[in-house]
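Observations on the model geometry
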Amino acid sequence: MRFLPTRNTAQPAEEAVDALPEDGAAEVGGWSVAARANSTVLVRWAAWCLLLLGPVLGAAAWYSMPAPASALRQQAPPGQPATGSQGAAGFAQLFVGAFISAGDGDQARLAAYFPGAAGLRLEGAPGRRSGEQLTVVRLRQTDRDVWSVTVAARIAGSAGPVSPSPVADGRRDPKAEAAAASAGAVHYFQVPVAASPAGGGAMGYVALAMPAEVSAPSRVEAPVLVYGPARPALPGDPRTQAVAAFLASYLTGAGELDRYLAPGVRLAAVSPAPYTAVTVDQLAVEGEHGGEGSASVPADGVRTRLLVVLRAASHDGLRVPLTYALTLSSRAGRWEIASLDGAPAEAAAAPVPGPAAPASP
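Being a predicted model, the structure only gives us computed values, none of them experimental.

With that out of the way, let us pick up helix α7 (residues 238-252). Under the 1.5 Å per step criterion, the end-to-end length of α7 is 21 Å for 15 residues, consistent within 8% with the ideal 21 Å. Within α7, eleven of the 15 residues are buried, which leaves the element mostly enclosed by the surrounding structure. Listed as buried for α7 are Pro238, Arg239, Thr240, Ala242, Val243, Phe246, Leu247, Ser249, Tyr250, Leu251 and Thr252. Against β8 (231-232), β9 (275-285), β10 (303-314), β11 (319-331) and β12 (334-340) lie the buried residues of α7. If you check the start of α7, you find a side-chain oxygen 2.9 Å away from the backbone N of Arg239, and it comes from Asp237. Just past α7, the residue Gly253 takes up positive phi, approximately 80°.

Structural data, given as structure tokens:
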């Protein structure tokens, strides 16, 4: 057989390279090799970004979920206190004032506070009595949104207080005496008030019942104070001289107040001056146990607290008893006012003794 030589159509490698475009970027399916490499890098970076952002996006989606309805109901409106105690106290005070002066035909006025008052039976003319000196003396929370408010008030009648009069046999009339005592006494009314959000960031209130008259709050025993027993203010005591000069300037405007104050203390005198003269009657000094006084001033930097009982003469000549709690400090051989205390200082409670250790054999 005779083989005919075949024609080799393949080009040498050098010729194939020379056949590429001059810019060196081979075209494959419309994309260059460099473009495909760049897209691969971009895809790789996008995958890494998604992996890194996955936890962040998941947490954002979790916290953006709406809160349950129960949680929303427990949140207070923006700008409003969660308790509403201050508003409940004022609402009860207004209700008691309207209740005291109410008479026949005032059902609608009371129903604005307590809806059940619309069906009440009221007696007497409206305004026959009026409440004076109304003030809240007790406030306690009885439920989540319910407050029990106790309001103190004096009741004034148009006919004036009833005067007791003796009967024929010379004895006092108990009913007349009770009426007179009630007319001059302070009455206490307890009002249950419910508070709830009323929309627009405001709180709404409603009484759950009519006011109930209750007894006066119990008086507690006064705590033990740091001061010794009250004694007459001795004129020769430098502490008497210091507090008398300071209080005269503070209450009557006599002299410069700063000259009696310790360095760094800032106080302003009462203005306009309500009194014309001051007389210091008694002192109760910290650490004193008897009626002893002192004619000397200790070294600089010593501080002491005391209660000052005085009488201040008003512009109409009436002498008014006043009490001040002061702290004095010594400097340059004299006492100066270190502070005008807001309340008398309470003595530190004595430590409670623990159980005695058992004796060793």
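Glancing now at the nonpolar core. Ranked by internal contacts, the top residues of the largest apolar core, which has 27 residues, are Phe246, Val308 and Leu310. Breaking this core down by element, the ones donating at least two residues are α7, β9, β10, β11 and β12. When residues in this core are grouped by element, the largest group, six residues, is from α7. Those residues in contact with Leu310 that sit more than four places away from it in its chain are Leu247, Leu251, Val278, Thr279, Val280, Asp281, Val320, Pro321, Leu322 and Tyr324. Counting residues in hydrophobic clusters, the runner-up holds 25 residues, among them Phe91, Leu110, Trp147 and Ala207.

Attention now moves to the side chain of Ser101. Assignment of secondary structure puts Ser101 in helix α4 (residues 85-101). Side-chain polar atoms of Ser101 contact the backbone oxygen of Ala98, separated by 3.5 Å. Discounting chain neighbours no more than four positions away, the residues touching Ser101 are Asp106, Arg109, Pro126, Gly127 and Arg129.

A few words now on unusual backbone geometry. Here the bond from Ser271 into Pro272 is cis, since omega is -5°, no more than 30 degrees from zero. Within the fold, Pro272 resides in the loop between α7 and β9. A positive phi angle is found at Gln133, which is not glycine, with a value near 55°. Along the chain, the position of Gln133 falls in strand β3 (residues 129-143). Notably, Ala332 is not glycine yet its phi reads approximately 55°, a positive angle. Secondary-structure assignment places Ala332 in the loop between β11 and β12.

Conventions we followed
Sequence order as written defines residue numbering, which begins from 1 separately in each chain. Local features in a predicted model are, by the rule used here, given only for residues with pLDDT of at least 70; side-chain atom pairs are given and counted only at 80 or more, and totals for whole chains, interfaces and linings are based on all residues. As a rule here, side-chain values come from all non-hydrogen atoms in the structure, and water together with hydrogens is ignored. A helix here means a DSSP run of H or I that spans at least four residues, while a strand means a run of E at least two residues long, and both kinds are numbered starting from the N terminus. Residue count minus one, scaled by 1.5 Å, sets the expected span of a helix. Think of it in three bands: with a 1.4 Å probe and only protein chains considered, a residue is buried below 20% of the maximum accessible area for its type, exposed above 50%, and partly exposed in between. Between two residues, a contact is recorded if the distance between any of their heavy atoms is within 4.5 Å. Polar contact is the term for a pair of N or O atoms within 3.5 Å; when the atoms are in protein, one must be able to donate a hydrogen and the other to accept it, and sequence-neighboring residues count only if both atoms are side-chain atoms. In this description, a nonpolar core means a group of buried Ala, Val, Leu, Ile, Met, Phe, Trp, Tyr and Cys residues linked to one another through side-chain atoms lying within 4.5 Å.

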